[in-house]
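Single-letter residue listing:
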Amino acid sequence: MLIPDSSWHANAERERLRRQFGILFPEPMLKERGDGPPSPAGSVASAVAAEEPGIVVARGRQVHLRTFTPEDLDHLARWAVDAALQRMVGSELLQLYRDVYENDPSFFEAVLTDTTQIVLIVMANEGFSQPVGFVRLFNIHQSEGYAGIETVMGDFRAARRGYGVQASRLMGYYGVDTLGLRRLEAKAYEYNALSINTLKRNGFTHEGTLRKATHRDGRYWDIMIFGILRDEIEEQRRKDRYVIPLEGGEGDVIESP
């Protein structure tokens, strides 16, 4: 029996993503790690990325976003039972995987065939050999141009280093550039100062409050709703320090302040 090499797997994954998502993964956004010039993040990032599964979709100075793969289900399973993470974020994606799919591998295909969401894995360029979290666009309404955004840092060390801030920005730019979105929405529990600060640093506006909408620690808490518009995302992007796009069409490398 012939065993396909790694390049065959990469090409097969690229073709599957192209057929499945169409414009969500156009050719300029897809590039195998290890090809072409190294990222400005350094040779260490390139060496680490070469060992990763999936395909890089966006790259920043501290983190890069790659496609979701079956190997990532183990990480989701671990994050889904993290009580602290559940209290601070309350991710519906993790809850669905844990409580409805009961960690069944079929969850992977369910996510990939759901055209109302895109899940990307957050990888640190240096210092972490495993994924540090994920970011997703969900409830995508492409005709109206809006979607929800959720960023989950499964490794709290990464969250404290601001990786969630840059991962959110990269996903926001991706949503605007590739999907043509004009608005993103996010939520945060009133006691989660870290998430609230991340949203504010990324230019989101507090638009409203769902009063006493969640129950935690024996009491009810508000859920704060944030939003950002395309021109505000572009304003945030202008504050970032640009690097000329890499040869071969990997997309812009975002340098965040």
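The sections below set out a description of the structure shown in this document. Quick caveat: nothing in here was measured; it's all calculated off a predicted structure.

With that out of the way, let us pick up helix H9 (residues 193–201). Of the positions making up H9, those classed as buried are Ile-196, Thr-198 and Leu-199. Looking straight down H9, one finds that the buried residues subtend no more than 160° of arc, so they occupy a single side. Along H9, exposed side chains directed more than 90 degrees from the buried face belong to Ala-193 and Lys-200. Positioned one or two residues after H9, Gly-203 has a phi angle of 85°, which is positive.

As a further point, take the packing of helix H3 (residues 73–80) against helix H5 (residues 92–100). Closest axis-to-axis distance for the H3/H5 pair is 9 Å, and the angle between their directions is 100°. Between H3 and H5, the angle falls in the class roughly perpendicular. Packed against H3, whose contacting residues are Leu-73, Leu-76, Ala-77, Trp-79 and Ala-80, the element H5 presents Leu-93, Leu-94, Tyr-97 and Arg-98 at the interface.

With respect to the secondary-structure elements, Asn-125 resides in the loop between strand E3 (118–124) and strand E4 (133–141). A distance of 2.7 Å separates the side chain of Asn-125 from the side chain of His-64, its partner in a polar contact.

Inspection of every chain in the model, using the stated rule, returns 10 salt bridges. A salt bridge links Asp-72 to Arg-66, with the shortest nitrogen-to-oxygen separation between them at 2.8 Å. For the pair Asp-72 and Arg-66, one class covers both residues: buried. One salt bridge in this structure joins Arg-183 and Glu-207, with 2.6 Å as the shortest N-O distance. One end of the pair, Arg-183, is in strand E6 (residues 183–189); the other, Glu-207, is in strand E7 (residues 205–216), with 24 residues separating them in the sequence. For Arg-183, a relative accessible area of 16% translates into the label buried. Using a relative accessible area of 42% as the deciding quantity, one classes Glu-207 as partly exposed. Salt bridges sharing partners connect three or more residues here, namely Asp-177, Glu-234 and Arg-237.

Glancing now at the environment of Gln-142. Along the chain, Gln-142 turns up in the loop between E4 and strand E5 (146–153). Take Gln-142: its relative accessible area is 37%, and that puts it in the partly exposed class. Expressed as a C-alpha distance, the spacing of Gln-142 and Leu-181, which sit 39 residues apart in the sequence, is 6.8 Å.

Definitions and cut-offs
Residues numbered from 1 in each chain as written. Predicted model: local features only at pLDDT ≥ 70, side-chain atom pairs only at ≥ 80, totals over all residues. Heavy atoms only, no water. Buried < 20%, exposed > 50% of the residue type's maximum accessible area, 1.4 Å probe, protein only. Helix = DSSP H or I, 4+ residues; strand = E, 2+ residues; numbered from the N terminus. Arc of directions from axis to C-beta. Axes fitted to C-alpha atoms, helices over the stretch in contact; angles between N-to-C directions. Parallel < 35°, antiparallel > 145°, perpendicular 65-115°, else oblique. Contact = heavy atoms within 4.5 Å. Polar contact = N/O pair within 3.5 Å; in protein donor to acceptor, adjacent residues only side chain to side chain. Salt bridge = Lys/Arg side-chain N within 4 Å of Asp/Glu carboxyl O.

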